[in-house]
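For reference, the chains in residue letters:
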Amino acid sequence: MTPSRTAFAAILAKDLRAELRTLQSLPAMALFAVTTFVIFRFGLDRTSLSGSLAAGVLWATLLFAAVLGINRLFVAEREEGGFDAIRLAPIDRTVLFGAKVAALLVYLIALELVTVPIFAIFFLDGASGLLPLIAVLLLADFGLAATGTLISSMAVNSRARDLLVPLVLLPLAVPLMIAATGATDPLLQAGGPSYDRFGTWLMVLGLYDLIFGLVGYAVFDFLLED
Amino acid sequence: MEVLLAAPALPLDEAGKYVAGAYVVFVVLLVVYVAIMAAKVQRIERELREVAAIAEERKEGQAAPGRGAEEAAPHA
Amino acid sequence: MYGKGLKPLSIATVSMLAVSLSLVFFYAPLDADQGFVQKIFYVHVPLAVVALFGFMAGGVFAILHLRSNDRKWDAYSYVAIHISVIFGVAVLITGAIWAKASWGHWWVWDEPTLVSFLIVFLLYATYYPFRYAIEDRDRQARYASVFAVTAGAFVPLNFMAVRMAESLVHPRTFATAEGGMPGEMMLTFLVSLAAMALLYTTLVKFELTAKSASGQVKRLRRALDAPVSGGSSRIAPEVS
């Protein structure tokens, strides 16, 4: 039985390599996000954003870009019959879950490294809120990665997969959005960042991550059974 | 501060309409569900008739083989 | 035998509903703030509570299905969720009516409980297309159970998050001029809750019995080598 750590690293490496191949999707997603910012600029008729509006635009855009990107990751998997190969390998299935979540996490972080600075340049007056924002982004990314992996694994063998994943994922992502925007809103306020309820929201994000991480961990096995 | 309603007849002021509406929605949904289930039960009854007919035919066929298939009239 | 006990259960349900309605209109006092409109509370909230527990029960049945691989648990899970979705429709409509009567709008966003319920409802509404999209029956059952477990875990988390987003709590439901719910209202509420819970259980049993009967007919057909009729659903699990 392959030790978990080696297996984890191997799958992660494979996924990232696959990602690098389909890293075509990352610039595309970043482009999508930036274009969405432009649409918001005109849709809201604003050239600068602060507070709840800024938080909303940022998180809505990130969420939609993430949802679009999640499908891409698993499409590649399916097309090369990836799941079958892994199913045959003598490794712990939950290691597979962990590796996929990690890959998706890396993807989301990469996406944000590009889009958040651009968001700041487009809409924010100062960058002072960005540093604490990193904590929010990381926690939210993990939750999104866990839930996204779970849902797209469920949908991978179904018809209408492209519609199904966003359809199911978005309601599940609502508490994440609530907590993320709740924390981000005061950070991006016009007068400088405030930490109103910051800790509380981070805890909610952490709770979400914990719950869906555990659920995914517990349940992923059943998705790979024959 | 307790005010007991005087009579079973609903006072048909504004509030009454809304309350009635809410309870009507509840009842309607319940009845719609019953109707759907009724359709299901009808289908089950129909299928059972068919199966009973098949079973009877089968039985006749066994009892008198070669005498030619006799259509057994299903019990009404 | 799914039908066993259905008759006494339905009788109990009808009685409880009758008692509850009588209490609502003849016994419960008028609310200090909302007046007569508050009576909607006795149908809206019990429906909501029962629906939510139904969703979570669907998750529990799903866990049992995954662990035992016994298909009957998948049927239980499906029916639990199905009836809860129907109750959910009733919750949203009666909630809208209540909102219109109380605050003049058909929908209000500052009612965290109603908003949370909408989100949960939207999630469970995807249960049907989700099942439909998976053709292989075994896989469909398994994945649906995974969905039900995930969604069941989601319910309490969602309520908490939405509530935190609003500083306003569901107002006036449990308060009168004195503050705090008077005993008569509480009693009426509890009886209504019990009635809805019984109704839910009756409908679930009813549905399972009908499915079981269908399943028995199929079994008969197979035993007689008779052609199986084509009327089976793509998503509703069979009970045998």
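The structure displayed is predicted, hence computed values, not measured ones.

Chemist: Which parts of the structure should I look at to understand the overall build of chain A?
Modeler: Check the secondary structure of chain A and you find eight helices and zero strands. Mapped from its N terminus to its C terminus, chain A presents α and β elements in the order α-α-α-α-α-α-α-α. Counting only contacts in chain A whose residues sit at least 6 apart along the sequence, the fraction spanning at least 24 positions is 86%.

Chemist: Is there a simple way to think about the overall build of chain C in this case?
Modeler: Along the backbone of chain C there are seven helices and zero strands. Along chain C, helices (α) and strands (β) appear in the sequence α-α-α-α-α-α-α when read from the amino end. Dimensions of chain C, computed from the C-alpha atoms along their principal axes, are close to 70 × 40 × 30 Å. In chain C, buried positions account for 48% of the 240 residues. Long-range pairs, those at least 24 residues apart, make up 81% of the contacts in chain C with a sequence separation of at least 6.

Chemist: For this particular structure, what's the right way to read the packing of helix α1 (residues 14–63) of chain B against helix α3 (residues 71–103) of chain C?
Modeler: Packed helices, taken two at a time, are described by their axes: the angle between them and the distance between them. α3 of chain C packs onto α1 of chain B with a crossing angle of 170° between their chain directions and a minimal axis gap of 9 Å. One finds that α1 of chain B runs roughly antiparallel with respect to α3 of chain C. For the pair α1 of chain B and α3 of chain C, contact is made by Ala15, Tyr18, Gly21, Ala22, Val25, Phe26, Leu29 and Tyr33 of chain B and by Ile86, Val89, Ala90, Ile93, Thr94, Ile97, Trp98, Lys100 and Ala101 of chain C, respectively. Each residue belonging to the contact of α1 of chain B with α3 of chain C can be placed in one class, and the counts come to 14 nonpolar, two polar and one charged.

Chemist: Looking at this structure, how should I read helix α2 (residues 41–68) of chain C?
Modeler: The periodicity of an α-helix, 3.6 residues per turn, causes residues three or four places apart in sequence to face the same way. The end-to-end C-alpha separation of α2 of chain C is 40 Å, in line with the 40 Å expected for 28 residues at 1.5 Å each. Immediately downstream of α2 of chain C, the backbone of Asn69 of chain C shows phi near 60°, a positive value.

Chemist: Looking at this structure, how should I read the interface of chain A and chain C?
Modeler: Facing 25 residues of chain A, the contacting portion of chain C comprises 24 residues. When residues of the side of chain A that touches chain C are traced back to their parent elements, those giving at least two are α6 (130–155), α7 (161–187) and α8 (198–224) of chain A. Of the residues contributing to the side of chain A that touches chain C, the split by class is 20 nonpolar, three polar and two charged.

Chemist: How do you make sense of the interface of chain C and chain B when you look at a structure like this?
Modeler: One frequently used descriptor of interface size is the decrease in accessible area upon assembly of the parts. Each partner contributes residues to the interface: chain C has 35 residues there, and chain B has 26 residues. When residues of the side of chain C that touches chain B are traced back to their parent elements, those giving at least two are α1 (6–27), α2, α3 and α7 (183–223) of chain C. Element by element, the count of residues in the side of chain C that touches chain B is highest for α3 of chain C, at nine residues. Residues of the side of chain C that touches chain B, tallied by class, amount to 25 nonpolar, seven polar and three charged.

Chemist: Hey, could you run me through the environment of Val25 of chain B in this one?
Modeler: Take Val25 of chain B: it is sitting in helix α1. Every residue in contact with Val25 of chain B, bar those within four places of it in the chain, is listed here: Ala90, Ile93 and Thr94 of chain C.

Chemist: How do you make sense of α6 of chain A when you look at a structure like this?
Modeler: Relative to the 38 Å expected for 26 residues at 1.5 Å per residue, α6 of chain A spans 35 Å between its end C-alpha atoms, a close match to the ideal helical length. Burial analysis of α6 of chain A places 20 of its 26 residues in the buried class, which makes it a mostly covered element.

Chemist: What's the story with the nonpolar core in this structure? I'm lost.
Modeler: Side chains that are nonpolar tend, in soluble globular proteins, to be buried together. Membership of the largest hydrophobic core comes to 151 residues, with the highest contact counts inside it found for Ala179 and Leu205 of chain A together with Ala22 of chain B. Residue contributions to this core peak at 16 residues, all from α3 of chain C. Residues contacting Ala22 of chain B, with those up to four places away along its chain left out, are Ile40, Val43, His44, Thr94, Ile97 and Trp98 of chain C.

Chemist: Help me understand the packing of α3 of chain C against helix α4 (residues 112–125) of chain C in this model?
Modeler: Residues and elements named next belong to chain C. Running from N to C, α3 and α4 cross one another at 145°; their axes reach a closest spacing of 10 Å. For the crossing formed where α3 meets α4, the hand is left-handed. Facing Ile81, Val85, Gly88, Val91, Leu92 and Gly95 of α3, the residues of α4 in contact are Leu114, Phe117, Leu118, Phe121, Tyr124 and Ala125. Its residues assigned to classes, the contact of α3 with α4 comprises 10 nonpolar, two polar and no charged.

Chemist: In this structure, what is going on with the confidence of the model for chain C? I would like to understand it.
Modeler: Parts of the prediction with low pLDDT should not have their coordinates interpreted in detail. Per-residue confidence for chain C averages 86 on the pLDDT scale, and 92% of its residues sit at or above 70. Per the prediction output, this complex has pTM 0.83; the corresponding ipTM is 0.82.

Chemist: Any chance you could explain unusual backbone geometry here in plain terms?
Modeler: The general pattern is negative phi for most residues beyond glycine and trans for most peptide bonds. One non-glycine residue, Asp45 of chain A, lies in positive phi territory at about 60°. Assignment of secondary structure puts Asp45 of chain A in the loop between α2 (25–44) and α3 (51–79). Given 7 C-beta atoms within 10 Å, Asp45 of chain A falls into the exposed group. Of note in this structure, Asn69 of chain C is not a glycine but carries a positive phi near 60°.

Chemist: For this particular structure, what's the right way to read the environment of Ser22 of chain C?
Modeler: Relative to the assigned elements, Ser22 of chain C resides in helix α1. Spatially, the C-alpha atoms of Ser22 of chain C and Ser214 of chain C are 38 Å apart, while their sequence positions differ by 192 residues.

Chemist: Help me out: how do you make sense of the confidence of the model for chain A in this one?
Modeler: Averaged over all residues, the pLDDT of chain A is 82; the fraction at 70 or higher stands at 81%. Element-level pLDDT for chain A is lowest in helix α4 (residues 82–88) of chain A, with a mean of 59, against a maximum mean of 91 in α6 of chain A.

Here is what the cut-offs are and how they apply
- Residues numbered from 1 in each chain as written.
- Chains lettered and ligands numbered in written order.
- Predicted model: local features only at pLDDT ≥ 70, side-chain atom pairs only at ≥ 80, totals over all residues.
- Helix = DSSP H or I, 4+ residues; strand = E, 2+ residues; numbered from the N terminus.
- Contact = placed C-beta atoms within 7 Å.
- Buried ≥ 20, exposed ≤ 12 C-beta atoms within 10 Å, placed from the backbone.
- Axes fitted to C-alpha atoms, helices over the stretch in contact; angles between N-to-C directions.
- Parallel < 35°, antiparallel > 145°, perpendicular 65-115°, else oblique.
- Nonpolar A, V, L, I, M, F, W, Y, C, P; charged D, E, K, R; others polar.
- Expected span 1.5 Å × (residues − 1).
- Core = buried A, V, L, I, M, F, W, Y, C linked by C-beta atoms within 7 Å.
- Left-handed = near helix turned anticlockwise from the far one by under 90°.
- pLDDT = per-residue confidence, 0-100.

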